[in-house]
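Spelled out from the first residue to the last, the chains are:
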Amino acid sequence: MASQAPATRPNADKADLLDLHGRLLTIRLAEERLGRLFADGEVPGFIHLSLGQEAVPVGVCRDLAPSDAIASNHRGHGHALAKGMDLDRFFLEILGKEDGLCRGRGGSMHVADFSVGMLGANGIVGAGLSLALGGALAHQVSKTNGVAVAFFGDGALAEGLLHECLNLGAVWKLPLLFVCENNGWSEFTRSADTVAPQPTALAAAYGIATETVDGNDVLAVREAAGRLLALARAGKGPGFLECRTTRWRGHFEGDPQKYRAEADLSAATANDPVSRHEARLVEMGVTAAEIAGLRETVAARVEKAVAKARAGALPDFARALGDVYTKAGA
Amino acid sequence: MAETRYGRAIAKALEDAMAEDPAVILFGEDVAKAGGPFGATRGLLERFGPDRVRDTPISEAAIVGAAVGAAMGGLKPVVEIMFMDFITLAMDALVNQAAKARFMFGAQGSVPMVLRTPHGGGIGAGPQHSQCLEAWLAHVPGLKVVCPATVGDAYGLLRAAIDDPDPVIVIENKALYAAKGELPDQPEKTPIGKARLARPGRDATVVTYGASVFTAIEAATTLAKEGIELEVIDLRSLQPWDEGAVLASLKKTHRLVVLHEAVEAFGVGAEVVARLADIGFDELDAPLLRVGAPFMPVPFAKSLEDRYRPDAKALIAAVRRLLA
């Protein structure tokens, strides 16, 4: 993993860095809270946390417009929040309530907010790739200058659909960014045991522009994504960004992770994207009180969302039944 | 009114829809430069250009997945899967993505896409190019499934499918592409979910769809010589299907058989007769019957395939059972 020393960027503006920190903290604190709610039995079903990977969605989504589309995967909380999904309706959804963004029908694995271009977390590994491809096609056909981003893990490198999408994206020169969050794990198995190629080598075979970044450095992610997105918007075709990152938790919450070495588990949190960005803030002259204040503000915002979600009404069955089709026939 | 081929009616429907709405785009294998494997998209690239009419690689999963994403992004994509057998490669996009999106995301949006694909045998295409898999799709909440038999419905159902805000699978038939029929100069759209009375009759009802409509008409013509009058209902739409029209016919004839080229077991016919056994029980003067293909893959050799496909003779035998 890359060096821990935060790079100093002369043009980095303090307010901008604080804004990024707020975004990182929103995901971090929301997911830590979800982890506790899950442990307390308040979250139905199962959830996959992206703790340790927050810098990737924040860095990639920071400069996207709401009209730019993203498609996500089962570990999609960070993508949803980074793209601007409303925090209250995010918690309402995951707790299975009527006022959730998906009216309690999708839950953690399907959080979506079309109004901010978030085309859904997805329960099928690799499926978001083709949805993003279609989103990019819509932008290209409609000549909007918009882009689409597909977030997927290194486990999805073994899905055949990735080949189809890399190929079709390259053939059509779509405004599309493939973002591979490489945390080294394909569910419960080391990707090194199941995936032969290096991610960027795979993309390069299609003539796609690639970059590999330290995925736990939010600025590095943002800048690399910015370069590839600029190419995509300019009609140069898709980009492929490999973000090397760390999965702190199990594949799902409650996963005992017996397959994971003790040393690997204890080292996981060492390279924390949130504290690394915090160190950068300190170096910029942001005071400890300011940083603590921001954390308190975000924590209070999360608690408010949790309270709202707990109090939310249960979903309406008749309404759900009526929403299978827009226009029921016969 | 002019005589038109079924395949040409599809091309006209696409042309009219694309002329009317710039959001309608078309992509699939060989649909642009080659004009479609069955010629159903001929001339559209020339008229609408390469942005809206696109050849794809041989990538069924990406084709259908991209259609779902593009539909979420505001377009109305119409994609073609060359043989219905190949939807197996795109089932995630259809079943887990297209069908679920509206419901699963709390009706934030819908997926206004159309997938055109031909089913059916009779041309010696063998086990992987002849299947009728419509029951799979009709079984999935969120998908609509239509199956035009006539030239008019080839046009009208496709137009309605493109207008529909939800994902619609339009199942064509390879044996019908060259069939001729009348198409008005200003053809109408065929509402999804409405059956058509293909032939009125009083003695027994045949419920069918697609190319089997013509098999039913053939059987009806034969039986008419004996004074037996079959009523033939062309479902046109399989999901949703017009149970009201079928029940009305049963009330008239009190005898009913479903005919389809698909495998009989667990098929569309099973759903129709199960439903009619419930809502039409008091009307029945005979058991509800099904005539479909035997439980085996579609064989290649003509002698085998001829025996495999349900024909007028098989239907007539079933009708005789109804009337016995």
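### Examining helix α8 (residues 243-253) of chain B
Residues and elements named next belong to chain B.
Inference 1: When we look at burial in α8, the residues that qualify are Val-246, Leu-247, Ser-249, Leu-250 and Thr-253. Buried positions in α8, seen along its axis, are confined to an arc of 160 degrees and lie on one side of it.
Inference 2: Where the residues of α8 are buried, they touch β10 (204-208), β11 (230-234), β13 (256-263) and α9 (268-279).
Inference 3: Positive phi appears at His-254, one or two residues downstream of α8, with a value of about 65 degrees.

### Some details on the sheet that holds β10(B)
All names here are of chain B.
Inference 1: The sheet built from five strands is open, its strands ordered β9-β11-β10-β13-β14 with mixed pairing. At either end of the open sheet lies a strand with only one pairing partner, and these are β9 (196-199) and β14 (289-293). Strand-to-strand twist across the sheet, computed as the mean angle between neighbouring axes with direction ignored, equals 25 degrees.
Inference 2: Relative to β11, β10 is paired through five bridges, and the arrangement is parallel. Looking across to β11, one finds that Val-207 is bridged to Ile-233.
Inference 3: Relative to the sheet, helix α7 (residues 212-224) contacts β9, β10, β11 and β13, its axis offset from that of β11 by approximately 170 degrees.
Inference 4: Running over the sheet, α8 touches β10, β11 and β13 and is turned about 175 degrees from β11.

### Some remarks on the sheet that holds strand β3 (residues 53-55) of chain B
Residue and element names in this part refer to chain B.
Inference 1: Strand order in this open sheet of seven strands is β3-β2-β4-β5-β7-β6-β12, and the pairing throughout is mixed. Edge positions in the sheet fall to β3 and β12 (237-239), since each has one partner strand and no second. The average undirected angle you get between the axes of adjacent strands in this sheet is 20 degrees.
Inference 2: For strand β6 (residues 144-146) and β12, the ladder comprises two bridges, and the chain directions are antiparallel. By the bridge assignment, Val-145 is partnered in β12 with Gln-239.
Inference 3: Strands in contact with helix α1 (residues 6-20) are β2 (24-28), β3, β4 (76-80), β5 (114-119) and β7 (168-173); relative to β2, the strand with the most contacts, it is inclined by about 135 degrees.
Inference 4: Contacting β2, β4, β5, β6 and β7, helix α6 (residues 151-163) runs over the sheet at an angle of about 150 degrees to β5.

### Topic: the nonpolar core
Inference 1: Judged by nonpolar contacts, the single largest core of 94 residues is most densely connected at A:Phe152, A:Phe178 and B:Met113.
Inference 2: Of all the elements, helix α3 (residues 60-72) of chain B adds the most residues to this core, at 10 residues.
Inference 3: Setting aside residues up to four positions removed in sequence, A:Phe178 forms contacts with A:Leu129, A:Ala150, A:Phe152, A:Leu162, A:Cys165, A:Leu166, A:Ile208, A:Pro238, A:Gly239, A:Phe240 and A:Leu241.
Inference 4: In terms of nonpolar packing, the next biggest core, distinct from the first, is built from 64 residues, A:Leu37, A:Leu92, A:Leu177 and A:Ala225 among them.

### Here's the deal with the side chain of A:His139
Residues and elements named next belong to chain A.
Inference 1: Its location among the elements puts His-139 in helix α5 (residues 127-142).
Inference 2: His-139 sits in the buried class, given a relative accessible area of 12%.
Inference 3: Side-chain polar atoms of His-139 contact the side chain of Thr-144, separated by 2.6 Å.
Inference 4: If we ignore the near neighbours within four places in the chain, the residues touching His-139 are Ser-67, Asp-68, Ala-69, Thr-144, Gly-146, Val-147, Ala-148 and Pro-175.

### Quick word on the packing of helix α1 (residues 14-39) of chain A against helix α8 (residues 218-233) of chain A
Residues and elements named next belong to chain A.
Inference 1: Closest axis-to-axis distance for the α1/α8 pair is 11 Å, and the angle between their directions is 105 degrees. Classed by the angle they form, the pair α1 and α8 counts as roughly perpendicular. Judged by residue contacts, Asp-16, Leu-17, Leu-20 and Leu-24 of α1 engage Val-218, Leu-219 and Arg-222 from α8.
Inference 2: The residue inventory of the contact of α1 with α8, partitioned by class, reads five nonpolar, no polar and two charged.

### Focus: the pattern of salt bridges
Inference 1: This structure, assessed with the given rule, holds 48 salt bridges over all chains.
Inference 2: Across the pair A:Asp88 and A:Arg301 runs a salt bridge, and its minimum N-O distance is 3.1 Å. Placement of A:Asp88 in helix α4 (residues 87-94) and of A:Arg301 in helix α11 (residues 288-311) is noted, with a sequence separation of 213 residues between them.
Inference 3: B:Arg116 is the partner of B:Glu172 in a salt bridge, and the nearest nitrogen-oxygen pair spans 2.7 Å. In this pair, B:Glu172 sits in strand β7 while B:Arg116 sits in strand β5, placing the two residues 56 residues apart along the sequence. For the residue pair B:Glu172 and B:Arg116, the accessibility class agrees, reading buried in each case.
Inference 4: One salt-bridge network, in which partners are shared between bridges, spans A:Asp16, A:Asp19, A:Arg23, A:Arg62, A:Asp63 and A:Arg222.

### Here we look at the confidence of the model for chain A
Inference 1: Considering every residue of chain A, the mean pLDDT works out to 94; 96% of them sit at 70 or more.
Inference 2: Here residues 1-8 of chain A is modelled with pLDDT under 50, and outside its nearest four sequence neighbours on either side it reaches 16 contacts, counting other chains as well.

### Quick notes on the side chain of A:Gln53
All names here are of chain A.
Inference 1: Of note, Gln-53 is situated in the loop between α1 and α2 (55-61).
Inference 2: On the basis of relative accessible area, Gln-53 is assigned to the buried category, the value being 3%.
Inference 3: Other than its neighbours up to four places away in sequence, Gln-53 contacts Arg-75, Glu-181, Asn-183, Thr-245, Thr-246 and Arg-247.

### Describing the pairing of strand β6 (residues 209-214) of chain A
Look at any regular strand and the pattern is simple: side chains alternate between the two faces of the sheet.
Residues and elements named next belong to chain A.
Inference 1: Across six bridges, β6 lies against strand β7 (residues 239-244) in parallel orientation. Within β7, the residue paired with Ala-209 across the bridge is Gly-239.
Inference 2: Each parallel crossover has a hand, and the one from β6 via α8 to β7 is right-handed.

### Quick look at the packing of aromatic side chains
Inference 1: As enumerated under the stated definition, the model contains 13 aromatic pairs over all chains in all.
Inference 2: Summarising the aromatic geometry, the rings of A:Phe114 and B:Phe105 are spaced 5.6 Å apart at their centres and angled 65 degrees between planes, so their arrangement reads as edge-to-face. On the criterion of chain membership, the pair formed by A:Phe114 in the loop between α4 and α5 and B:Phe105 in the loop between α4 (91-104) and β5 is interchain, its members lying in two chains.
Inference 3: Taking 6.1 Å as the distance between ring centres and 80 degrees as the angle between the ring planes, the aromatic pair formed by A:Phe188 and A:Phe252 counts as edge-to-face. With A:Phe188 in the loop between β4 (185-186) and β5 (189-190) and A:Phe252 in the loop between β7 and α9 (262-268), the pair connects residues that are 64 residues apart, well separated along the chain.
Inference 4: A relative accessible area of 37% means that A:Phe188 is categorised as partly exposed.

### Observations concerning the interface of chain B and chain A
Inference 1: Each side of the interface is counted separately: chain B has 45 residues, and chain A has 41 residues.
Inference 2: Summing both partners gives a buried area of about 3,500 Å² for chain B against chain A, and 63% of it is carried by carbon and sulfur.
Inference 3: Here chain B and chain A share two salt bridges between them.
Inference 4: In this structure, A:Lys143 engages B:Asp51 in a salt bridge whose closest nitrogen and oxygen atoms are separated by 2.7 Å.
Inference 5: At nine residues, the largest contribution of residues to the side of chain B that touches chain A is made by α3(B).

### A word on the environment of B:Gly36
Residue and element names in this part refer to chain B.
Inference 1: Mapped onto the elements of the fold, Gly-36 is located in the loop between β2 and α2 (44-48).
Inference 2: With relative accessibility at 9%, the residue Gly-36 sits in the buried group.
Inference 3: Spatially, the C-alpha atoms of Gly-36 and Met-82 are 8.5 Å apart, while their sequence positions differ by 46 residues.
Inference 4: Not counting residues within four places of it along the chain, the set of residues in contact with Gly-36 comprises Asp-30, Val-31 and Thr-41.

Reading the values: the criteria
- Residues numbered from 1 in each chain as written.
- Chains lettered and ligands numbered in written order.
- Predicted model: local features only at pLDDT ≥ 70, side-chain atom pairs only at ≥ 80, totals over all residues.
- Heavy atoms only, no water.
- Buried < 20%, exposed > 50% of the residue type's maximum accessible area, 1.4 Å probe, protein only.
- Helix = DSSP H or I, 4+ residues; strand = E, 2+ residues; numbered from the N terminus.
- Arc of directions from axis to C-beta.
- Contact = heavy atoms within 4.5 Å.
- Pairing = 2+ DSSP bridges.
- Axes fitted to C-alpha atoms, helices over the stretch in contact; angles between N-to-C directions.
- Core = buried A, V, L, I, M, F, W, Y, C linked by side-chain atoms within 4.5 Å.
- Polar contact = N/O pair within 3.5 Å; in protein donor to acceptor, adjacent residues only side chain to side chain.
- Parallel < 35°, antiparallel > 145°, perpendicular 65-115°, else oblique.
- Nonpolar A, V, L, I, M, F, W, Y, C, P; charged D, E, K, R; others polar.
- Salt bridge = Lys/Arg side-chain N within 4 Å of Asp/Glu carboxyl O.
- pLDDT = per-residue confidence, 0-100.
- Right-handed = clockwise from strand over helix to strand, strands pointing away.
- Phe/Tyr/Trp six-rings, centres within 6.5 Å; stacked < 30°, edge-to-face > 60°.
- Buried area = accessible area lost by both parts, 1.4 Å probe.

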